[in-house]
Amino acid sequence: MMYERLIDSELETEVLARQLAELLQPADVLTLEGDLGAGKTTFTKSVAKGLGITRNVNSPTFTILKQYEGRLPLNHLDVYRLADSDEDLGWDELFYGDAVSIIEWAHLIQEDLPPERLAIQIHRLDNDKRRFTFEPFGKRYEQLCEELFE
């Protein structure tokens, strides 16, 4: 089942991300897809705020991974630069540890992703409008989406 939410402003994006953050648990994995400028990093910043992270969160484009401490630790990955790489960066330690992992451009490491995860697509409709599509993989994420969209 897919879940969808239309967003009219950056503030609404922040509210949705914070609502999601309230439901997250250790080892949850979120994948983010969307064109450049769709709002992947903005969404991640808001999830981080919802996790109680006070440090400035920005895209780890050149470092691939940034880690933050909050109510739950957060692994923020941008795997765009790994498009043609076969390198194993220790995904199991990241995805099955106690941190929440958010992966931008996750389709580039599709074969390394855990089978259970929440896939989020962000479609830019115009300047401020976005369509968020949530696709849960696994019972944990189905329940999470049911709570988020009730």
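For the structure, check the block above.
Residues numbered from 1 in each chain as written. Predicted model: local features only at pLDDT ≥ 70, side-chain atom pairs only at ≥ 80, totals over all residues. Heavy atoms only, no water.

Visitor: Just to check I follow, could you spell out helix H4 (residues 139-148) for this structure?
Guide: For H4, every residue scored as buried is listed here: Arg 140, Tyr 141, Leu 144, Cys 145 and Leu 148. For H4, the arc enclosing every buried residue in end-on projection is 130°, short of the 170-degree limit, so these residues lie on one face. Considering only its buried residues, H4 is in contact with strand S1 (3-7), helix H1 (10-23), strand S2 (29-33), strand S6 (117-124) and strand S7 (130-137). (Buried < 20%, exposed > 50% of the residue type's maximum accessible area, 1.4 Å probe, protein only. Helix = DSSP H or I, 4+ residues; strand = E, 2+ residues; numbered from the N terminus. Arc of directions from axis to C-beta. Contact = heavy atoms within 4.5 Å.)

Visitor: I keep staring at the environment of Glu 147 and nothing clicks. Help me out?
Guide: Tracing the backbone shows Glu 147 in helix H4. Looking at Glu 147, the relative accessible area reads 47%, which means it is partly exposed. With 127 residues separating them along the chain, Glu 147 and Leu 20 place their C-alpha atoms 9.1 Å apart.

Visitor: In this structure, what is going on with the packing of H1 against helix H2 (residues 40-50)? I would like to understand it.
Guide: Helices that pack against each other are described as a pair by the angle of their axes relative to one another and the distance between those axes. One can describe the packing of H1 onto H2 by two numbers: an axis separation of 7 Å at closest approach and a directional angle of 45°. Judged by the angle between their axes, H1 and H2 are oblique. Considering how the two elements wind past one another, H1 and H2 form a crossing that is right-handed. Contacts between H1 and H2 pair Glu 10, Thr 13, Glu 14, Leu 16, Ala 17, Arg 18, Leu 20, Ala 21 and Glu 22 from the former with Thr 42, Phe 43, Ser 46, Val 47, Lys 49 and Gly 50 from the latter. (Axes fitted to C-alpha atoms, helices over the stretch in contact; angles between N-to-C directions. Parallel < 35°, antiparallel > 145°, perpendicular 65-115°, else oblique. Left-handed = near helix turned anticlockwise from the far one by under 90°.)

Visitor: Just to check I follow, could you spell out the nonpolar core for this structure?
Guide: Side chains of nonpolar character tend, in soluble globular proteins, to be buried together. Ranked by internal contacts, the top residues of the largest apolar core, which has 41 residues, are Leu 20, Phe 43 and Phe 134. The leading source of residues in this core is H1, at five residues. Ignoring sequence-local partners within four residues, the contact set of Phe 43 consists of Thr 13, Leu 16, Ala 17, Leu 20, Leu 32, Ile 120, Ile 122, Phe 132 and Phe 134. (Core = buried A, V, L, I, M, F, W, Y, C linked by side-chain atoms within 4.5 Å.)

Visitor: Looking at this model, I keep getting lost on the pattern of salt bridges. Mind explaining?
Guide: Proximity of charged atoms lets side chains of opposite charge pair with each other. With the rule as written, the count across this model stands at four salt bridges. A salt bridge links Arg 131 to Glu 4; the shortest N-O distance between them is 3.8 Å. Taken together, the positions of Arg 131 in strand S7 and Glu 4 in strand S1 put the pair 127 residues apart, joining distant regions of the chain. Where Lys 129 meets Asp 8, a salt bridge forms, and the shortest distance between an N and an O atom there is 3.5 Å. Highlighted residues: Lys 129 in the loop between S6 and S7 and Asp 8 in the loop between S1 and H1, separated in sequence by 121 residues. For Lys 129, a relative accessible area of 37% translates into the label partly exposed. Residue classification places Asp 8 among the partly exposed residues on the basis of a relative accessible area of 43%. (Salt bridge = Lys/Arg side-chain N within 4 Å of Asp/Glu carboxyl O.)

Visitor: Before we go on, may I ask you to explain the packing of H1 against H4 in this structure?
Guide: The interhelical angle for the contact between H1 and H4, taken along N-to-C directions, is 130°, at an axis separation of 10 Å. Classed by the angle they form, the pair H1 and H4 counts as oblique. Between H1 and H4 lies a crossing of right-handed hand. Contact residues: Leu 16, Gln 19, Leu 20 and Leu 23 in H1; Arg 140, Leu 144, Glu 147 and Leu 148 in H4. Taken together, the residues of the contact of H1 with H4 sort by class into five nonpolar, one polar and two charged. (Nonpolar A, V, L, I, M, F, W, Y, C, P; charged D, E, K, R; others polar.)

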